[in-house]
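Letter by letter, the chains look like this.
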Amino acid sequence: MLALRFATVRRLSTLNGVAAAANSAASATTQSAITPSTPTSKPQEFDVGVIGGGIVGMATARELSLRLPQLRIAVFEKESGLGAHQTGHNSGVIHAGIYYKPGSLKAKLCVEGLRLTYDYCDKKNIPYKKCGKLIVARSEEEIPGLKALFDRGQQNNVPDLRMIGVDEMKRIEPHCVGVQAIHSPVTGIVDWLQVTNSYADDFTANERNRVLTNHEVTSLDSVDPLNPRAYQHGVVVSFKSKPAVRCRYIITCAGMNSDRIAQKAGGQSEPVMVPIRGEYLTLKPDRRNLVNGLIYPVPDPTLPFLGVHFTPTMKGDVLLGPNAVFAFAREGYKFFDINPRDMFSALLFPGFQRLALKYWKFGMGEMYRSRFLSAQVKLLQDYVPEVTINDVQRGMAGIRAQAMDHHGNLVDDFVFETAVQPEGGPAASRTAHLLHVRNAPSPGATSSLAIAKVISDKAQEMFNLRQA
Ligand SMILES: Cc1cc2nc3c(=O)[nH]c(=O)nc-3n(C[C@H](O)[C@H](O)[C@H](O)COP(=O)(O)OP(=O)(O)OC[C@H]3O[C@@H](n4cnc5c(N)ncnc54)[C@H](O)[C@@H]3O)c2cc1C
């Protein structure tokens, strides 16, 4: 497994190697005066820079600032607003944690994140709906898969999960067909962009902190480029058309660009991100009454994606989908959006070639269904037969940052990278000052408050940051 989790011997020894340096740097940080920014003066300085203003970056910056209010923290976001990519283009589900491998970070952080999200929304008066979710077996053949999923949910301690029969299923979703279902009443919906903006409000309530939008990070360099061991003095963060700043420590939460950003700072070459577009249809307004809550299929274990589902949103829409098609651009929300760099880097990556070879039939089917809506509607009719082509219209699309290795294995779990080079090399001292979130796929939004705690624990330990 290429994922570097927090407790490998090699990484710990690497971290120990820089502990003393990090120690003295950290105490200097909390004591030093920060130079205010003026156009001609020294670069602006921050204790911690968080790259990426999606939900994971904002949750992390918020958590770290609440724990250590004496720090001056900046979030650097390349777009003009927060949550412009995965965070603002998702299904808006508060997941309960049913699907994930027991013992995985995903399982643990989703269940914890669910609870934290509801508590947070209650506290902040952010609207949500606990509309519940059905996972539906369409035939007897799908029942073993449904039962295995139910066992998984129980092992993951998902609250209030129940197996239900047809009568109860019909009471919950009168238009849905199937032979048996899992009911998860705690699954809900929320607007994750609203949640992200609320995290930003909490964060900027501390006047030391800054959210700097239109700040696209182009490089992460040592303060002294001639001395590769000088990272203990901080990192120079350069931007496209903005003055550089200095940060003592960096946390990268760059979503789809997490591989490229990590590599700018000596991170591992894998996992690589491949953009997979998920396109949604929506129910026309007069047919939204076909669905009350979320309706999901029993996932096919031979396929890497969940399958189309029905998802009401806080705006009142009902999303249908998503499918999964290769995107020709990392930010290519439309079918014909092409970015040659993104396209060729994915197509020439051996991992993607192997994956495409393995799933070519499924991939072609998804491309076909993407163009011909009647084919997509056919899949939906397996669950709600009354839906017809006249009831649907094209909706939004999201781009999934699909992490994979060079064998074509999909990286499923959350991945955080703390050190990647053997001790003694130039990157070893650099990585003592950098922490990378390398993979934060779904249910990353649900898990964001729990992920933020894990990252903040690690940042405090690794950067030796203590309360004043
Ligand atoms: C189609 C789809 C549906 C989903 N549905 C759900 C769901 O229902 N529930 C759920 O819990 N999760 C869902 N997810 C997953 C969830 O959206 C993600 O896990 C989460 O948004 C990841 O947040 P992030 O902050 O890591 O990434 P992002 O939101 O992508 O944020 C990364 C940020 O980094 C910025 N950035 C990148 N490069 C740079 C740079 N060089 N300089 C500065 N900034 C940079 C980007 O502009 C971006 O704003 C879904 C995902 C997709 C794609």
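Keep in mind the model is a prediction, meaning the values are calculated, not measured.

Draft legend 1. Representation of the overall build of the protein in the model. Counting secondary structure elements, the protein contains 13 helices and 20 strands. Across the 468 residues of the protein, 48% fall into the buried class. Across the protein, every contact between residues at least 6 apart in sequence was considered, and the portion connecting residues at least 24 apart equals 75%.

Draft legend 2. The arrangement of the sheet that holds strand 8 (residues 188–190) in detail. Taking strand neighbours across the sheet as the criterion, the three strands line up as 3-8-4 in an open arrangement whose pairing is antiparallel. Only two strands of the sheet have a single partner each, and these edge strands are strand 3 (93–94) and strand 4 (128–129). Here strand 4 runs beside strand 8; their pairing, made up of two bridges, is antiparallel. Bridge assignment links Lys129 to a residue of strand 8, and that residue is Ile189.

Draft legend 3. Region of the structure containing the environment of Trp192. Inspection of the secondary structure assignment puts Trp192 in helix 6 (residues 192–204). As for Trp192 and Ser91, which are separated by 101 residues in sequence, their C-alpha atoms are 9.0 Å apart.

Draft legend 4. Broad picture of the pairing of strand 13 (residues 272–283). Along strand 13, 12 of the 12 residues are buried, which leaves the element largely enclosed by surrounding structure. Across the two faces of strand 13 the burial is the same, with Val272, Val274, Ile276, Gly278, Tyr280 and Thr282 and Met273, Pro275, Arg277, Glu279, Leu281 and Leu283 all buried. In this structure, strand 13 lies alongside strand 18 (residues 392–404), joined through 11 bridges in antiparallel fashion. Within the sheet, the bridge partner assigned to Ile276 lies in strand 18 and is Arg400.

Draft legend 5. Expanded view of the site of the ligand. Taken together, 41 residues sit near the ligand, with Gly52, Gly54, Gly255, Gly398 and Gly444 positioned nearest. Among the secondary structure elements, those contributing two or more residues to the shell around the ligand are helix 2 (55–67) and strand 18. Of the residues contributing to the shell around the ligand, the split by class is 17 nonpolar, 19 polar and five charged.

Draft legend 6. A look at the pairing of strand 11 (residues 235–239). One ladder, built from five bridges, connects strand 10 (residues 217–222) with strand 11; its direction is antiparallel. Counterpart to Asp221 in the pairing with strand 11 is Val236. Here strand 11 pairs with strand 12 (residues 242–252) via four bridges, running antiparallel. When the bridges of strand 12 are listed, Val236 appears paired with Arg246.

Draft legend 7. View of helix 13 (residues 448–463). In this model helix 13 runs 21 Å from its N-terminal to its C-terminal C-alpha over 16 residues, within 8% of the 22 Å that 1.5 Å per residue would give. All buried positions along helix 13 are accounted for by Ser448, Leu449, Ala450, Ile451, Ala452, Val454, Ile455, Ser456, Ala459, Met462 and Phe463. A positive backbone phi angle near 55° is found at Asn464, which sits one or two residues after helix 13.

Draft legend 8. Region of the structure containing the confidence of the model for the protein. For the protein, mean pLDDT is 87; residues scoring 70 or higher make up 87% of the total. Ignoring residues within four places in sequence, the model shows residues 1–40, a span with pLDDT below 50, making 52 contacts including any to other chains.

Draft legend 9. Quick look at the nonpolar core. By size, the foremost hydrophobic cluster in this structure holds 120 residues, and its most contacted members are Leu320 and Ile451. Among the elements that make up this core, the one with the highest residue count is helix 13 (nine residues). Each of two domains, domain 1 (9–86 + 193–270 + 412–463) and domain 2 (272–404), supplies a minimum of three residues to this core. Apart from the residues lying within four places of it in its own chain, the contact partners of Ile451 are Val56, Ala59, Leu109, Phe414, Ala440 and Gly444.

About the criteria used
Residues numbered from 1 in each chain as written. Predicted model: local features only at pLDDT ≥ 70, side-chain atom pairs only at ≥ 80, totals over all residues. Helix = DSSP H or I, 4+ residues; strand = E, 2+ residues; numbered from the N terminus. Buried ≥ 20, exposed ≤ 12 C-beta atoms within 10 Å, placed from the backbone. Contact = placed C-beta atoms within 7 Å. Pairing = 2+ DSSP bridges. Near = placed C-beta within 6 Å. Nonpolar A, V, L, I, M, F, W, Y, C, P; charged D, E, K, R; others polar. Expected span 1.5 Å × (residues − 1). pLDDT = per-residue confidence, 0-100. Core = buried A, V, L, I, M, F, W, Y, C linked by C-beta atoms within 7 Å. Domains from an automatic or database assignment.

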